[in-house]
Amino acid sequence: MKDPVRRQRALSAMGVTTWVPRRGSAALPAADALPASEAGSAPGTAVGDALDWESLAATVAACQRCELHRGRAQTVFGVGARDARWMVIGEAPGQEEDRQGEPFVGRAGQLLNSMIGALGLKREQVYIANILKCRPPGNRDPRPDEVVCCEPYLQRQIALVNPAILLCVGRIAAQNLLKTQTPVAKLRGQRHVYGPQQTPVIVTYHPAYLLRAPAEKRRAWQDLLFAQRVYAETRQDRR
Ligand code: URA
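Position labels on residues start from 1 in each chain and follow its written sequence. Where totals are concerned, whole chains, interfaces and linings use all residues; where local detail is concerned, this predicted model gives features only for residues with pLDDT of at least 70, and gives and counts side-chain atom pairs only at 80 or more. The basis for every side-chain value is the complete set of heavy atoms in the structure, and neither hydrogens nor water enter the calculation.

### Here's the deal with the pairing of strand S4 (residues 165-169)
Taken across its 5 residues, S4 has 5 buried, putting it largely inside the fold. Across the two faces of S4 the burial is the same, with Ile 165, Leu 167 and Val 169 and Leu 166 and Cys 168 all buried. For two strands to count as paired, DSSP must find a minimum of two bridges between them. Secondary structure counts use DSSP, requiring at least four H or I residues in a row for a helix and at least two E residues in a row for a strand, with both numbered from the N terminus. Judged from the 4 bridges that link them, strand S2 (residues 86-90) and S4 form a sheet pairing that is parallel. For Met 87, the partnering residue across the bridge sits in S4 and is Leu 166. Exposed residues in this analysis have more than 50% of their type's maximum accessible area, buried residues have under 20%, and partly exposed residues fall in between, with area computed by a 1.4 Å probe over protein chains only.

What follows is the structure, encoded as structure tokens:
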């Protein structure tokens, strides 16, 4: 971020108190299908890839593909601009998200908003979705069978948004999207790709982790700068 005032504001919002830019670092530009009838079908069942947003949302809301539907207050589909250039992928709803039906509305959500702000964007300008649409009990990690059941929904959301870049926050999002067991620390700082469009994927820490380990915010900030760089390159490639 070129403007020092904006940069300082973004860093403060993320809780980074001291930032020493690397010498020579380039200035970054501001970042400007299952039909409802299939909702109870078995995991791994082929899914339609022609669902529009409304049918997809209705299908998710009625989903009973895994046991998580029993404990949910509601499904948490996703939120944001459906034509967003940036898409953020998280893990699964927590208690507050389950209650409100929107991803990242708790404390971690506030920090995520600051991270989005550090990219020069507002929350409404990105699309935010999770690997799972239902809350795992006690906020435990999603189980592989649950991920398999939910995967077609996220795949379809990504296809519909068709973002220029995907930002995975945290281990669960990154490992499941990229189909790897590699730890986040090693996935960071690399340009991964996803899907038939070879959409660039950048990995950073989960905001809930950053709340527990604020010293890592510095690294998260670096990841966001890297993501901006990749985004800018992607836009140039498309010209
Ligand atoms: N953590 C996530 O990964 N997603 C949410 O929606 C909330 C917290």
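The structure having been displayed, the exposition proceeds.
### Some words on the environment of Leu 166
Among the secondary structure elements, Leu 166 is positioned in strand S4. A residue is classified by how much of its surface remains accessible, and Leu 166, at 0% relative accessible area, is buried. Non-local contacts of Leu 166, meaning those with residues more than four positions away in its chain, are made with Met 87, Ile 89, Ile 158, Leu 177, Tyr 194, Thr 199, Pro 200, Val 201 and Ile 202. The contact criterion used is simple: two residues touch if any of their non-hydrogen atoms lie within 4.5 Å.

### Concerning the nonpolar core
Inside soluble globular proteins, nonpolar side chains tend to come together where they are buried. To define a nonpolar core, start from buried Ala, Val, Leu, Ile, Met, Phe, Trp, Tyr and Cys residues and group those joined through side-chain atoms within 4.5 Å. In terms of nonpolar packing, the biggest core is built from 63 residues, with Met 87 and Ile 89 touching the most fellow members. Sort the elements by how many residues they give to this core and helix H9 (residues 217-238) lands first, with 8 residues. The contacts of Met 87, once residues within four sequence positions are left out, are Tyr 127, Ala 129, Leu 154, Gln 157, Ile 158, Val 161, Pro 163, Ile 165, Leu 166 and Leu 167.

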